[in-house]
Amino acid sequence: MKKLFGPGLLAATLAVPLHASADPVSWIDWSSGNAGSLVQDGKTIDVAYTGAAGISHSDYFSAFPATFTSEEVSNGPGSNGFLQLAGGASALQHHIHFSSAVVNPYVAFLSLGAFNGAATFTFQGVNKIDLLSQGSGPWGGSGVTVSGNVVSGAEGNGVVRLNGTFTDLYFTTPVYENWYGAAIGAAEVSPVPEPGTWGMLLAGGAVLALVSRRRGSDKFAHAA
């Protein structure tokens, strides 16, 4: 049992998750018309939008935090700005360009669709989309759903993760609905142990070192 104590404790310590809480998201700050920036892993990434959407800085997000936060996302877009859309032109492509690659970007949807019909976002070149949170917003509704590369909503709020690494995002909004929005952001991707985790790692290493020294002492004692 003594021989297994140190390594066993260290192995258990290493199994502790490095992230114990949701990550803050850097939502694009649309500070200059169709241009803005976000931060990922300490690096500022410039962003440019091409398409028919306008930019609004009204904060419709903070009043319904549960629809924009989850175990993975700790904060909504606030007043950083979002794409304000109407949809309905199936051939029109929206384009978000990042100056450097962004890993697993998030998209927050605001009031997507109407009571009498869902509106949709169809993303190109995105193989997997995960729904992280959803619900009704200021005008009620039934939330947001994901099917393949299509996100749908009937007056719904929600946040999805686009899995992958992107320098460009392309999507269409083929269904007309007079007003809805989308904000884009990113979180840190390099795992950083929390202070408590560092302490456990150090404690586990110290125990392992102590056991190793005792083994060495026993070996020399038997040899004598």
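Each remark here, short or long, concerns the structure printed above.
Residues numbered from 1 in each chain as written. Predicted model: local features only at pLDDT ≥ 70, side-chain atom pairs only at ≥ 80, totals over all residues. Heavy atoms only, no water.

Participant: Please give an account of the nonpolar core that cites residues and values.
Facilitator: Ile96, Phe98, Phe121 and Phe123 are the most contacted members of the largest nonpolar core, which totals 31 residues. It is strand β15 (residues 180–186) that contributes the most residues to this core, 4 residues altogether. Those residues in contact with Phe98, other than ones at most four positions away along the chain, are Ile28, Leu38, Ile45, Asp46, Val47, Phe166, Thr167, Asp168, Leu169 and Ile184. By size, the runner-up hydrophobic cluster in this structure holds 12 residues, among which are Phe68, Val73, Leu110 and Ala183. (Core = buried A, V, L, I, M, F, W, Y, C linked by side-chain atoms within 4.5 Å. Buried < 20%, exposed > 50% of the residue type's maximum accessible area, 1.4 Å probe, protein only. Helix = DSSP H or I, 4+ residues; strand = E, 2+ residues; numbered from the N terminus. Contact = heavy atoms within 4.5 Å.)

Participant: Which residues make up unusual backbone geometry, and what values go with them?
Facilitator: Look at Asp41: it is not a glycine, yet its phi comes out positive at around 50°. For Glu155, which is not glycine, the phi torsion reads 55° and is therefore positive. Its location among the elements puts Glu155 in the loop between β12 (150–153) and β13 (156–162).

Participant: Can you tell me about a nonpolar patch on the surface, naming the residues and giving the values?
Facilitator: Taken together, the side chains of Tyr60, Phe115 and Trp139 present a nonpolar region at the surface, about 350 Å² in accessible area. For Trp139, the location among the structural elements is in the loop between β10 (129–136) and β11 (144–147). (Patch = residues over 30% accessible without salt bridge, like charges linked within 9 Å, V, L, I, M, F, W, Y side chains within 5 Å. Areas by Shrake-Rupley, 256 points an atom, 1.4 Å probe, with all protein chains shown as cover. Salt bridge = Lys/Arg side-chain N within 4 Å of Asp/Glu carboxyl O.)

Participant: Explain the sheet that holds strand β3 (residues 35–40) to me, using residue names and the numbers behind them.
Facilitator: Reading across the sheet, the 8 strands line up as β2-β3-β4-β7-β14-β9-β12-β11 and stay open at both edges, with antiparallel pairing between neighbours. Only two strands of the sheet have a single neighbouring strand rather than two, namely β2 (29–32) and β11. Taken over all neighbouring pairs, the strand axes of this sheet differ in orientation by 25° on average, direction set aside. The pairing of β2 with β3 spans 2 bridges and is classified as antiparallel. Bridged to Ser32 within β3 is Ala35. (Pairing = 2+ DSSP bridges. Axes fitted to C-alpha atoms, helices over the stretch in contact; angles between N-to-C directions.)

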